[in-house]
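A structural walkthrough
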Amino acid sequence: MNTEQRNNATKTMLGLKLPTDPRWVNVAEKNIAEILIDHAYCEQKAASSCISLIIQYPEKEKLREVLMPVVSEEWAHFRMVLKEMNTRGIELGPQRRDEYVHLLYNSMRHGGTRDQQLGERLFLNALIEARSCERFRILSQEISDESLRDFYHELMISEAGHYVNFIDLAKEYLSAEYVKTRWEEWLETEAEVIRNLEVRGDRVH
Ligand SMILES: [Fe+2]
Ligand SMILES: [Fe+2]
């Protein structure tokens, strides 16, 4: 896939405004142990984030119904990554600072209604899913390790489903107009974050 095709796929699949720098996959492939360690923690954080949404919004039955299976899937992903690491003799080691998530988190809008606050959390999660999905697609297409290609292909499909889950939940609790406007703003913010981040081959994002 050339850069233009990749750009188009990114836009149509996920709405992301800035495709990943093509240099990323080359450095990532050379640091696959670091990528897997970072990835394991991404899955753990995804599961933890869904658990905290469920307990912080106990009155939202639909949210719980949608996110409970996502918790299980993210935790299964965490275990899958650990298994891949195990076969390669890679130790988990301590969690690293996630600059991408940190910058997105700092872009959350404060105030507004309880549902708008929930919306911020859902948009944040949706963006992380979308960007992870995009990066997993690149890994599934461009790295030379066949078994890891299949592994990332499977995960890409799953994360795309989660992205849809979060957007659908936002639409459940907020008006279509609000979601459209705020999501567009978030996409711009995310592109700005990606633009300003150093291209690092030891991080998923
Ligand atoms: Fe996942
Ligand atoms: Fe996910």
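All values reported here derive from a predicted model rather than from experimental measurement.

**Considering the pattern of salt bridges**
- For the structure shown, the criterion picks out 19 salt bridges.
- In this structure, the salt-bridge partner of Asp98 is Lys45, at a minimum N-O distance of 2.9 Å. Residue Asp98 is located in the loop between α4 (61-87) and α5 (99-106), and its partner Lys45 is located in helix α3 (residues 32-56); the two are separated by 53 residues in the primary sequence.
- Between Glu59 and Arg114 there is a salt bridge, with the nearest N and O atoms lying 2.7 Å from each other. Of this pair, Glu59 sits in the loop between α3 and α4 while Arg114 sits in helix α6 (residues 114-142), and the two are 55 residues apart along the sequence.
- Salt bridges linked by common partners bring Glu59, Lys60, Arg114 and Asp115 together as one network.

**Section: the coordination of the iron ion (ligand 1)**
- Coordination of the iron ion (ligand 1) by the protein is provided by Glu43 (OE), Glu74 (OE), His77 (ND1) and Glu159 (OE), with metal-donor distances spanning 2.0 to 2.2 Å.
- Its 4 donor atoms give the iron ion (ligand 1) angles of 91 to 144° at the centre, a pattern that matches the irregular case.
- A separation of 3.5 Å is found between the iron ion (ligand 1) and the iron ion (ligand 2), which share Glu74 as a coordinating residue. Taken together, the residues Glu74 in helix α4 and Glu159 in helix α7 (residues 146-173) connect sequence positions 85 residues apart.
- Exposure remark for Glu159: the relative accessible area of 2% places this residue in the buried category.

**Describing the coordination of the iron ion (ligand 2)**
- Here the iron ion (ligand 2) is held by the protein donor atoms Glu74 (OE), Glu129 (OE), Glu129 (OE), Glu159 (OE) and His162 (ND1), which lie 1.9 to 2.4 Å from it.
- In the primary sequence, the donor residues of the iron ion (ligand 2) line up as E-x54-E-x29-E-x2-H.

**Quick word on the nonpolar core**
- In this structure, Leu63, Leu67, Tyr152 and Trp183 are the most contacted members of the largest nonpolar core, which totals 62 residues.
- It is α6 that provides the largest number of residues to this core, a total of 12 residues.
- Excluding residues that lie within four positions of it along the chain, Leu67 makes contacts with Cys50, Leu53, Ile54, Phe166 and Leu169.

**Comments concerning the packing of aromatic side chains**
- For the structure on display, the rule yields 5 aromatic pairs.
- Their ring planes at 80° and their centres at 5.1 Å tell us that Phe151 and Tyr152 sit as a pair that is edge-to-face. Each member of the pair, Phe151 together with Tyr152, is buried.
- By way of ring pairs, the aromatic residues Phe123, Tyr163 and Trp183 are connected into one cluster.
- The ring of Trp24 has Arg135 lying over it, and the distance from NZ or CZ to the ring centre is 4.8 Å.

**Observations concerning the confidence of the model for the protein chain**
- Mean pLDDT over the protein chain stands at 92; residues scoring 70 or higher make up 94%.
- Within the protein chain, the element-level pLDDT minimum falls on helix α1 (residues 3-14), averaging 56, and the maximum on α4, averaging 97.

**Some details on the side chain of Asp98**
- By relative accessible area, Asp98 is classed as buried at 12%.
- One polar contact links the side chain of Asp98 to the main-chain amide nitrogen of Val101, over a distance of 3.1 Å.
- Dropping the residues within four chain positions of it, Asp98 is found in contact with Lys45 and His205.

Reading guide: rules and limits
- Within each chain, residue numbers correspond to sequence positions counted from 1 in written order.
- Throughout, the order in which chains and ligands are written sets their labels, letters from A for the former and numbers from 1 for the latter.
- Selection of residues for local features in this predicted model requires a pLDDT of at least 70, selection of side-chain atom pairs for listing and counting requires 80 or more, and totals for whole chains, interfaces and linings are taken over all residues.
- To obtain the side-chain values, all non-hydrogen atoms of the structure were included, while hydrogens and water were left out.
- The salt bridge criterion pairs a side-chain nitrogen of Lys or Arg with a carboxyl oxygen of Asp or Glu, the two atoms within 4 Å.
- Starting at the N terminus, helices and strands are each numbered in turn, a helix being any DSSP run of H or I of at least four residues and a strand any DSSP run of E of at least two.
- Sodium, potassium and calcium take a 3.2 Å donor cutoff, other metals 2.8 Å, and in both cases only N, O and S atoms count; water is not among them, so sites may look incomplete.
- Labels for metal geometry use angle windows, namely 85 to 135 degrees for all angles of a four-donor tetrahedral site, and for square planar (four donors) or octahedral (six donors) sites opposite donors over 155 degrees apart plus all others within 65 to 115; sites meeting none of these are irregular.
- Using a 1.4 Å probe on the protein chains alone, a residue whose accessible area is under 20% of its type maximum counts as buried, one over 50% counts as exposed, and one in between counts as partly exposed.
- Among buried residues, those of type Ala, Val, Leu, Ile, Met, Phe, Trp, Tyr and Cys that are joined through side-chain atoms within 4.5 Å constitute a nonpolar core.
- Note on contacts: a residue pair qualifies if any of its non-hydrogen atoms lie within 4.5 Å across the two residues.
- Each Phe, Tyr or Trp ring, with Trp reduced to its six-membered ring, pairs with another whose centre is within 6.5 Å; inter-plane angles below 30 degrees give stacked pairs, above 60 give edge-to-face pairs, and intermediate values give tilted ones.
- Lysine and arginine charges are scored as sitting over a ring when NZ or CZ, respectively, is within 6 Å of the ring centre and within 35 degrees of the ring normal.
- For every residue, the predictor reports its confidence as pLDDT, a number between 0 and 100.
- In the analysis that follows, any N or O atom pair within 3.5 Å is treated as a polar contact, provided that within protein one partner can donate a hydrogen and the other can accept it, and provided that, for residues neighboring in sequence, both atoms belong to side chains.

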